[in-house]
Amino acid sequence: MEEEKEKIQNRVVVVDDAVELKCSYMQKFRLYETRSNFYMIGRDKSRTSWRVLKIDRLDPTELNITEDLTVYSEIECCDLLRRIHEGNKSIGGLKFVTTCYGIIGFVKFLEPYYMLLITKRRKIGTICGHTIYGIAKSEMVPIPHPTVRSKMAYSKDENRYKKLLCSVDLTKDFFFSYSYNVMFSLQRNLTDHNTTGQSLYETLFVWNEFLTRGVRNNLQNASWTVALVYGFFKQVKLSISGRDFHLTIIARRSRHYAGTRYLKRGVNEKGRVANDVETEQIVFADARDGSPMKISSVVQIRGSIPLFWSQEASPLNIKPDIILSKKDNTFEATRLHFENLVKRYGNPIIILNLIKTHEKKPRETILRAEFANAVRSINKNMKGENRLRFLHWDLHRHSRRSKATNVLTQLGKVAAYALKLTGVFYCSLTPNLTPEGLFQYSFTGNKNSIGNSLTKQASMDKDVDREAEVNNCYYSGDENKEYSVRPEMLQAGVLRTNCIDCLDRTNVAQYAYGLTALGRQLQVLEFSESPYIDLDNSLAKELMAVYESMGDTLAFQYGGSAAHNKIFSERRGQWKAATQSQEFLRTLQRYYNNTYADGDKQKAINIFLGHFQPHQGKPALWELDSDQHLTVGKRGAFPEDENVRPTIRRSLSDGNIKDSTIRDLNVTNCQQSSNIPDKHRHSESTPDIFTCGSAICHCRYHN
């Protein structure tokens, strides 16, 4: 207890006066072009700050970017654009290309660079007033002017790479926020302010880290790019006893060791596992009349069994054999994996292993025995709460013997055990009107309140001594408010669930944990006196619908079909024959995609994440086996070193942008210039644009 109290107190920063942080982030952009340059104009939400980025179009192979450090007013920015237009009239002038809402990144295949833009966005939710967006439309814009491109820019291989990248549908399951670090859990956002700016992109849940790496490093800021998280986001409004609250479920998929079902299994040498997904459940109610807004979150994770094992998709075998490698007899990679989890979530780490315990032909049981051996080996050197808590529970066997209600009841008992060990995160946010708004905050700390909270919580849950009160700060999403935050509970440790694919059985178990956690969250938020929610309660059914949707989404991403939801279907009272037919069709769909489509899907992921970087004279991606990058060198292969940076010859922040042909003009009708319609339109010399539509990614070529 004393050790935990000291750790929490060390995290508190105590100052006498409020600390102010003023920051303005851009969230709307307009792209213009001349023959020699692109001009990206960015502004903040209040339209008070305007910035300019110039991208050279005359170099066919390198990316040359200049950031103007001047912050313009709308009139000044309009004047600058008019002068650029007049200075370039002899070669076509300045033309509007598109409105956009952030740069996804820059990518190079064999010759030219391309810029990926968000051209339409949609609001999908809010967290503490911060808006979360999905992508409704994106475009890939070639940087060099057509007159300087060589034949390589139009080659068959170049076009094939472009089509591969376009097959990553950014309009599905990618989300971002300008003001909220959606790649982090609520608890981390409220208690850790050390990870900001560029370092946000280096975390494991930002999928466009590679695409933005070069421009961020050279500009030394991330003002022009957005950090994309891949997974699942859904927010619904529910009620209990006539009182409304908001439920948000976020699933964040790791970019490390990412891929498809049979091409990414188990663990790699760095301890990263396939299908690594963090799921966060946030519950809050709107604050009224200046009263504190109470909010709670809980995190759980899923991930492939952290051993070296594989399966090979085959047209002749719908259930391929599991191949267990003996390359790591000391379980070093497994140990690295759990050490990483401790760094991310703290102790204890609770493992819920749902795979089979008995089989006629050993498949899953091979992994079950080896996983148990690995945990025993790791625990030999661990003491106390640092030891891994390992739980076996054969969900398949229980679901065959019992009805869905009994299965979920039993899983609820496991969930209650895990939740008592880790606790949930809970705090209250007090709105205070301030002229500085979103980006002002204050730190306060009271060591006595920390100690009192620890004592109080220990008496409430004797087995849980990790919940404590900390005074800290947080950014408000309301442009006119400051939120001071007073956390009263912290989650320490995490429940890690797995089956074989970490899709179907895992999702059922995660729902059971989410339901148990929801009861606890509603209790600490003072919505209910009891932490228990009956399976027949309408809240349980509504929560199940969200988890079922999440399960289908994650299953499509990794497995190629919606999840097998037999237990959920039974709980809904779905006709048994209809359920069997549905499960059969999903099995066939998953089998077909795993056998015939996942190869190209994996190649597209490798291109997007920068695991493969094409280079003239090197083997093409489609000429390599899926993991041949481990033996092929550097560029043209899959670099394992995350510090390798894509080449950008020159990217400067050198003050005011000056064009050699610009001449001064008087300011006239500048308001009209600044109000060019947002509707997407192309100038006569608009380059090839590859468009990702809202449903299916369509690659279209404009000549």
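Residues numbered from 1 in each chain as written. Predicted model: local features only at pLDDT ≥ 70, side-chain atom pairs only at ≥ 80, totals over all residues. Heavy atoms only, no water.

Taking an unreviewed UniProt entry as the reference, the protein is identified by name as SAC domain-containing protein belonging to Arachis hypogaea. Taken from UniProt, the Subcellular location (unreviewed entry) comment for the protein reads in full: "Vacuole membrane". Listed in UniProt under the heading Catalytic activity (unreviewed entry), the comment for the protein reads: "a 1,2-diacyl-sn-glycero-3-phospho-(1D-myo-inositol-3,5-bisphosphate) + H2O = a 1,2-diacyl-sn-glycero-3-phospho-(1D-myo-inositol-3-phosphate) + phosphate". (UniProt positions renumbered as here; feature names shortened; annotations may be inferred.)

Ranked by internal contacts, the top residues of the largest apolar core, which has 102 residues, are Phe245, Leu411, Tyr511 and Leu522. Per-element accounting of this core gives the leading share, ten residues, to helix 11 (residues 504-524). By size, the runner-up hydrophobic cluster in this structure holds 37 residues, among which are Val107, Tyr114, Tyr161 and Tyr178. (Core = buried A, V, L, I, M, F, W, Y, C linked by side-chain atoms within 4.5 Å. Buried < 20%, exposed > 50% of the residue type's maximum accessible area, 1.4 Å probe, protein only. Helix = DSSP H or I, 4+ residues; strand = E, 2+ residues; numbered from the N terminus.)

Now for the side chain of Arg265. Inspection of the secondary structure puts Arg265 in the loop between strand 11 (243-253) and strand 12 (277-284). Excluding anything up to four places from it in sequence, Arg265 contacts Tyr257, Ala274, Ser304, Trp309, Ser310, Gln311, Ile500, Asp501 and Tyr558. (Contact = heavy atoms within 4.5 Å.)

In terms of residue burial, helix 5 (residues 209-219) counts as a mostly covered element, since nine of its eleven residues are buried. Residues of helix 5 that are buried include every one of Glu209, Phe210, Leu211, Thr212, Arg213, Gly214, Val215, Arg216 and Leu219, and no others.

The subject of this paragraph is the packing of helix 9 (residues 404-422) against helix 11. As a packed pair, helix 9 and helix 11 sit with axes 8 Å apart at the nearest point and diverge in direction by 60 degrees. Between helix 9 and helix 11, the angle is such that the two are oblique. At the point where helix 9 passes helix 11, the crossing takes the right-handed sense. Contacts between helix 9 and helix 11 pair Leu408, Leu411, Gly412, Ala415, Ala416, Ala418, Leu419 and Thr422 from the former with Val508, Ala509, Tyr511, Ala512, Tyr513, Thr516, Ala517 and Arg520 from the latter. A per-class count over the contact of helix 9 with helix 11 returns twelve nonpolar, three polar and one charged. (Axes fitted to C-alpha atoms, helices over the stretch in contact; angles between N-to-C directions. Parallel < 35°, antiparallel > 145°, perpendicular 65-115°, else oblique. Left-handed = near helix turned anticlockwise from the far one by under 90°. Nonpolar A, V, L, I, M, F, W, Y, C, P; charged D, E, K, R; others polar.)

Its 14 residues place the ends of helix 2 (residues 74-87) 20 Å apart at the C-alpha level, agreeing with the 20 Å of an ideal helix rising 1.5 Å per residue. Among the 14 residues in helix 2, ten count as buried, and that is most of the element. Residues of helix 2 that are buried include every one of Glu74, Cys77, Cys78, Asp79, Leu80, Leu81, Arg83, Ile84, Glu86 and Gly87, and no others. (Expected span 1.5 Å × (residues − 1).)

We now examine unusual backbone geometry. Asn347 connects to Pro348 through a cis peptide bond whose omega is 5 degrees. Among the secondary structure elements, Pro348 is positioned in the loop between helix 6 (332-345) and strand 16 (349-353). Phi is positive for Cys128, which is not a glycine, with a value near 50 degrees. Counting through the fold element by element, Cys128 comes out in the loop between strand 7 (113-127) and strand 8 (130-142). By relative accessible area, Cys128 is classed as buried at 4%. A positive phi is found at Asp173, a non-glycine position, where the angle reads about 75 degrees. Positionally, Asp173 belongs in the loop between helix 3 (156-166) and strand 9 (174-176).

Within this structure, the stated rule accounts for 23 salt bridges. Between Arg213 and Glu209 there is a salt bridge whose closest N-O contact spans 2.7 Å. In this pair, Arg213 and Glu209 are both assigned in helix 5, four residues apart and thus about one turn of the helix distant. No difference in accessibility class separates Arg213 from Glu209, as the two residues are buried. (Salt bridge = Lys/Arg side-chain N within 4 Å of Asp/Glu carboxyl O.)

Note that Arg505 resides in helix 11. Apart from residues lying up to four places away in sequence, Arg505 is in contact with Leu354, Ile355, Lys356, Glu364, Leu395, His396, Cys499 and Ile500.

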